[in-house]
Amino acid sequence: MRSPSQRFLIVACLLGCFGIPCEGRCDPPAETGSKGVQVIDLASALRLAGVENRDILLARQRVVEALAWRQLAAAQYLPSLNAGINYDAHTGPVQQSSGNILSVNRDAFYVGAGANAVAGGTVNIPGLVYDVNVSQVIFRNLLSRQEVARRRYAETATTNEMLRLVASAYLQLLQTEGLRSVTLQAQGEAGAIAQVTASFAKVQQGRQADADRAATELDDRRIDHVEAVAKVKLASARLAELLNIDPATRLHPAEERLVPFALVPDPVPLPELLAIALMQRPELAERRAAIRQAFLELSGAKLLPFSPNLITGLSDGTFGGGSNLITTQPRFGSFSNRDDLDVVIYWTVQNMGVGNVALIRLAASHTRSARLEQLEVLSRVRSEVAQAYVRKQTYYEKMLLAEKALPIGVRALSLDFQRIKSGVGLPIELLDSFRLANQARLDFLDAIVGYNQAQLDLYVTLGQPPADALARPVPTNGIRPTTVDKK
């Protein structure tokens, strides 16, 4: 069982700081032709993503849109208001209901709540009008509520996924920075081996072929470092894209050490994690809201033929006019206030009932589709949790093995250096130890990043559950993050 200080030495060895000063390997490199280096930590990246990420902002606007539709659906309970003015002038024959033809010069004028009041009819455009189908108003309001719930759950799912991508991109940036440090360390060690091998060949204590092999190894390590620097820039550009900032800005992680972290405690068994995901995943909650929405649509379609259409109109205004047939009244006068109240209730069977049957079948199909989609999402959630759990366990074991192998490989390389300095053996013999030590560093780097990524994926696949749902005793063995003075 290693002490925390020993564990820190392993991580320091991973970054090329084992036994010697760091010499700036962990510092952000100077960039040319860019806007400079911007140091960023994971918390700042996640906060910036919540403000600037386009996908998250689009998901939020969809929620705003659904809220507007909900407001519109709720407003259907309220009547509409109309106010206007109309003038009607008729010259020529009209027919009475008895069939008698009259020649009439008639005028009519109305102003007030409503419009289009002509002759003896009611105000055709009421001042206060309520024209609805009762069940449609009720169910549209209920459907809009479920639509808002769906959009909100979808927004949460989008936010979780985008924050996962941002955190993954940040981990990738950390990995590439660690890889840059490892390749720089390897380049320095390969240079030392090449120098010693060349010195032995120069004094004819070693073969020139060995010196050439060592020089080739140094060139390969230089190529690895160039590729590592390029990967750092690509990872920075990817993170900048997700944060919607200028990709010319060179991002550098604030952490000086890459250490494993545990978002989901190891003692939590897989069945319990699956149960947590079923309760917390917003995708499943969105599917449940969709099923409720489909059931409401089906119920509304079934009730539609029995739901009355209600038309209510209330008007109040000033009306007057006259005609050439009434000699006792002015040609255009007799203005006074008039009130009209109209209430109409009727039922509709759409398209002789065929239209109603089609609506019911359509709603039933939507219900079945919503259930199948829920099963699909449920299966995907279970698979994601199981896969992330397996990856977490696998990388944990790999990290334990790499933790043991790394100091052994570094110690072997150090001992071989001491042996060569003592005049025992040839410098070319250092290549195997050097390659094994370098591979051990890369394996440990890959194990830590893979473990952290698996932890992050598992945490998101659980729907980012609250901390109390994952409260467990701290494990007494295995690798744990250690807080150490950066000095």
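Each remark here, short or long, concerns the structure printed above.
Okay, so let's go over this structure. Residue positions are given per chain, counted from 1 along the sequence in the order it is written. Reporting of local features is limited, given that this is a predicted model, to residues whose pLDDT is at least 70; pairs of side-chain atoms are given and counted only at 80 or more, and all residues count toward the totals for whole chains, interfaces and linings. Hydrogen atoms and water are omitted, and side-chain values are computed over all heavy atoms in the structure.

Across soluble globular proteins, nonpolar side chains have a tendency to be buried as a group. What is meant by a nonpolar core is a set of buried Ala, Val, Leu, Ile, Met, Phe, Trp, Tyr and Cys residues, joined one to another through side-chain atoms within 4.5 Å. Relative accessibility decides the category of a residue: with a 1.4 Å probe and only protein chains considered, values under 20% of the type maximum give buried, values over 50% give exposed, and everything between is partly exposed. Counting residues in hydrophobic clusters, the biggest one holds 37 residues, and the most contacted among them are V166, L239, L243 and M399. Helix numbering and strand numbering both begin at the N terminus, where a helix is a DSSP run of H or I of at least 4 residues and a strand a DSSP run of E of at least 2. If you tally residues by element for this core, the top one is helix α4 (residues 134–202), at 10 residues. Residues are treated as being in contact if the distance between any of their heavy atoms lies within 4.5 Å. Excluding its chain neighbours within four sequence positions, the residues that come into contact with V166 are A45, L46, A49, L239, L242 and L243. Counting 15 residues, the second largest nonpolar core, distinct from the first, contains A190, F200, L218 and A437.

Relative to strand β8 (residues 309–323), strand β4 (residues 101–115) is paired through 8 bridges, and the arrangement is antiparallel. Following the sheet pairing, D107 is matched in β8 by G322. Only when DSSP finds a minimum of two bridges between them are two strands counted as paired. Pairing geometry for strand β6 (residues 128–133) and β8, over 6 bridges, is antiparallel. Counterpart to Y130 in the pairing with β8 is T312. Two strands pair when backbone bridges link them, and β8 and strand β9 (residues 333–346) are joined in this way by 12 bridges, in the antiparallel orientation. Note on β9: the bridge partner recorded for S315 is D340.

Our next topic: the pattern of salt bridges. For side chains bearing opposite charge, pairing can occur when the charged atoms are close. We define a salt bridge as a side-chain nitrogen of Lys or Arg found within 4 Å of a carboxyl oxygen belonging to Asp or Glu. By the definition in use, this model includes 28 salt bridges. E241 is paired through a salt bridge with R238; the nearest N and O atoms lie 3.3 Å apart. Of this pair, E241 and R238 both sit in helix α5 (residues 208–242), 3 residues apart, which is roughly one turn of the helix. Using a relative accessible area of 44% as the deciding quantity, one classes E241 as partly exposed. Here R281 ties to E384 by a salt bridge, and the two come within 3.0 Å at their closest N and O atoms. Of the two residues, R281 is situated in the loop between α6 (270–280) and α7 (282–303) and E384 in helix α8 (residues 354–421); the sequence distance between them amounts to 103 residues.

Secondary-structure assignment places D416 in helix α8. With near-sequence residues (within four places) excluded, D416 lies in contact with L430 and S433.

In this fold, E283 is placed in helix α7. Looking at E283, the relative accessible area reads 19%, which means it is buried. Each polar contact in these results corresponds to two N or O atoms within 3.5 Å; when the atoms are within protein, one needs to be able to donate a hydrogen and the other to accept it, and residues that are neighboring in sequence are counted only if both atoms are side-chain atoms. Within the structure, the side chain of E283 is placed 2.9 Å from the side chain of R281, a separation counted as a polar contact. Not counting chain neighbours up to four residues away, the residues in contact with E283 comprise A157, V377 and R380.

Let us now look at the packing of α8 against helix α9 (residues 430–461). Look at α8 against α9: their axes get within 6 Å of each other, and the N-to-C directions meet at 160 degrees. Comparing the axis directions of α8 and α9 gives the class roughly antiparallel. Considering only the axes of α8 and α9, their crossing is left-handed. Note on residue classes: Ala, Val, Leu, Ile, Met, Phe, Trp, Tyr, Cys and Pro are nonpolar, Asp, Glu, Lys and Arg are charged, and everything else, Gly too, is polar. Its residues assigned to classes, the contact of α8 with α9 comprises 25 nonpolar, 5 polar and 10 charged. Note on geometry: axes are lines fitted to C-alpha atoms, helical ones only across the stretch in contact, with angles between N-to-C directions running from 0 to 180 degrees. Note that the term roughly parallel is reserved for angles under 35 degrees, roughly antiparallel for angles over 145, roughly perpendicular for angles of 65 to 115, and oblique for everything else. Here a crossing is called left-handed whenever its near helix is offset anticlockwise from the far helix by less than a right angle, and right-handed whenever the offset is clockwise.

Turning our eyes to something else, we now look at the packing of α4 against α5. Relative orientation and spacing of two packed helices are given, respectively, by the angle between their axes and the distance between those axes. α5 packs onto α4 with a crossing angle of 165 degrees between their chain directions and a minimal axis gap of 7 Å. When the interaxial angle is binned, α4 and α5 end up roughly antiparallel. In this structure, α4 meets α5 at a crossing whose hand is left-handed. Residues that form the contact of α4 with α5 fall into these classes: 24 nonpolar, 9 polar and 9 charged.

On to the packing of aromatic side chains, then. To pair, rings of Phe, Tyr and Trp, with the six-membered ring standing in for Trp, must have centres within 6.5 Å; the planes then decide the type, stacked if under 30 degrees apart, edge-to-face if over 60, and tilted in the middle. According to the stated counting rule, one finds 2 aromatic pairs in the structure shown. Each ring, one from F109 and one from F335, has its centre 5.9 Å from the other, and the planes form 75 degrees; the classification is edge-to-face. Of this pair, F109 sits in strand β4 while F335 sits in strand β9, and the two are 226 residues apart along the sequence. A relative accessible area of 38% means that F335 is categorised as partly exposed. Look at Y396 and Y451: their rings are 5.9 Å apart centre to centre, the planes differ by 45 degrees, and that puts the pair in the tilted class. In this pair, Y396 is assigned in helix α8 and Y451 in helix α9, connecting sequence segments 55 residues apart. Pair check on accessibility: Y396 and Y451 agree, each one buried.

Bridge count for strand β3 (residues 84–95) against β4 is 12 bridges, and the pairing is antiparallel. Residue pairing for β4: P93 is matched across the bridge by S103.

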